[in-house]
Amino acid sequence: MATVLSIHDRRILTALNSGASSLSFLGSGFIVLCYSLFKELRKFSFKLVFYLSLSDMLCSFFNMVGDPSKGFFCYAQGYTTHFFCVASFLWTTTIAFTLHRTVVRHKTDVEDLEAIFHLYVWGTSLVMTVIRSIGNDHSHLGAWCWAQTGRTGKAVHFITFYVPLWGAILYNGFTYFQVIRMLNNATRMAVGMSDRAYQFDARTDMKALNRWGYYPLILIGSWAFGTINRIHDFIEPGHKIFWLSFLDVGTAALMGLFNSIAYGLNASVRRAIYERIELFWPERLQRWFPNSSRYRNQQQQSELISLKIQDQQ
């Protein structure tokens with residue numbers, strides 16, 4: 001344990017932040033590009049993923065451009081990163097809400113709630129960012145621009161970011177648990193009735209939902225070390241732990257990459273990419289990939305939202 005971070009340690013953290021944020025920027029930017037290029041992806045289910053990826057992309061971008069040695073750019077980075085990172089995990093709650101409303105409550109009006117989703121996400125992010133300025137100590141800039149240095153500022157930062165973050169994690173976990181439990185019950189009923197067609201549909205839904213159950217772990221993995229580091233820094237402000245700061249910066253900056261892989265690279269996206277590549281793939285080479293036909297013949301299946309919404313509309 002060191003009392004302060006050395007210049008060398010700060011340079012390592014800055015380089016780590018830039019490198020990890022670059023990966024997140026590329027990953028989330030790829031999902032944004034796919035949504036822009038492929039018209040078949042422009043459905044409400046994937047539109048929420050687009051907004052999530054857009055928030056992650058901007059969060060990563062501003063996370064890269066800040067410089068702790070330059071006051072204005074550091075403050076700009078701190079506030080913009082706070083805004084878009086809050087927006088990112090709030091968009092995951094809208095995805096969880098959509099799943100719950102569609103699968104559990106059997107509602108088909110989620111598309112009508114898009115304006116409310118925008119007001120909720122961007123409005124809450126703006127309020128949290130404005131409140132964050134309370135108690136900010138402008139006399140010292142720390143190793144990076146994400147955390148505040150004043151004791152009051154640290155408390156406000158924790159309240160305006162980590163409290164809603166863990167609220168989102170708990171909400172997502174509870175929601176996915178309810179959805180998975182309902183489909184588990186439906187699967188057992190289908191087995192009892194020997195309804196093979198329904199059994200197939202239920203197994204398909206469960207395959208997707210078993211993955212969705214891990215999505216809250218993305219936020220936990222991205223921000224667990226950051227939460228511990230903030231608490232430790234508040235209790236022991238004169239002692240910095242380099243390895244904890246290293247894990248804090250690295251995992252938080254990778255959130256966009258994790259989200260782009262989990263939420264964005266689903267079967268629909270892979271199929272759209274494959275179909276575009278196949279257009280330019282020489283026919284004489286296609287015989288070397290006999291499994292390619294299964295991608296053309298398989299039914300359209302979403303690993304994110306099996307959108308019974310679209311079937312019910």
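Calculation rules
Residues numbered from 1 in each chain as written. Predicted model: local features only at pLDDT ≥ 70, side-chain atom pairs only at ≥ 80, totals over all residues. Heavy atoms only, no water. Phe/Tyr/Trp six-rings, centres within 6.5 Å; stacked < 30°, edge-to-face > 60°. Buried < 20%, exposed > 50% of the residue type's maximum accessible area, 1.4 Å probe, protein only. Helix = DSSP H or I, 4+ residues; strand = E, 2+ residues; numbered from the N terminus. Core = buried A, V, L, I, M, F, W, Y, C linked by side-chain atoms within 4.5 Å.

> Would you mind showing me how to read the packing of aromatic side chains here?
Aromatic rings considered in pairs are described by the distance between their centres and by the relative angle of their planes. The tally for this structure, following the rule as stated, stands at 18 aromatic pairs. Aromatic side chains F61 and F62 sit 5.2 Å apart centroid to centroid with 75° between the ring planes, which places their arrangement in the edge-to-face category. In this structure F61 comes out as partly exposed when scored by relative accessible area, which is 35%. Between the aromatic rings of F62 and F84, the centroid separation amounts to 5.9 Å while the plane-to-plane angle is 5°, which identifies the pairing as stacked. You can see F62 sitting in helix α2 (residues 44–65) and its partner F84 sitting in helix α3 (residues 71–104), a full 22 residues away along the chain. Given the relative accessible area of 14%, F84 is considered buried. Of the aromatic side chains, those joined through ring pairs into one cluster are F25, Y35, F46, F50, Y51, F61, F62, F83, F84, W91 and W122.

> Sorry if this is basic, but what is going on with the environment of L58 here?
Checked against the element boundaries, L58 lands in helix α2. The partly exposed category is assigned to L58, whose relative accessible area is 26%. Here the alpha-carbon distance between L58 and S28, two residues 30 residues apart in the chain, equals 9.1 Å.

> I keep staring at the nonpolar core and nothing clicks. Help me out?
Grouped together as the largest cluster of nonpolar side chains are 46 residues, with contacts concentrated most on F89, F161, L165, W223 and Y263. Listed by contribution, the elements that provide at least two residues to this core are α1 (7–37), α2, α3, α4 (114–132), α5 (151–193), α7 (215–235), α9 (255–264) and α10 (267–279). Element by element, the count of residues in this core is highest for α3, at 11 residues.

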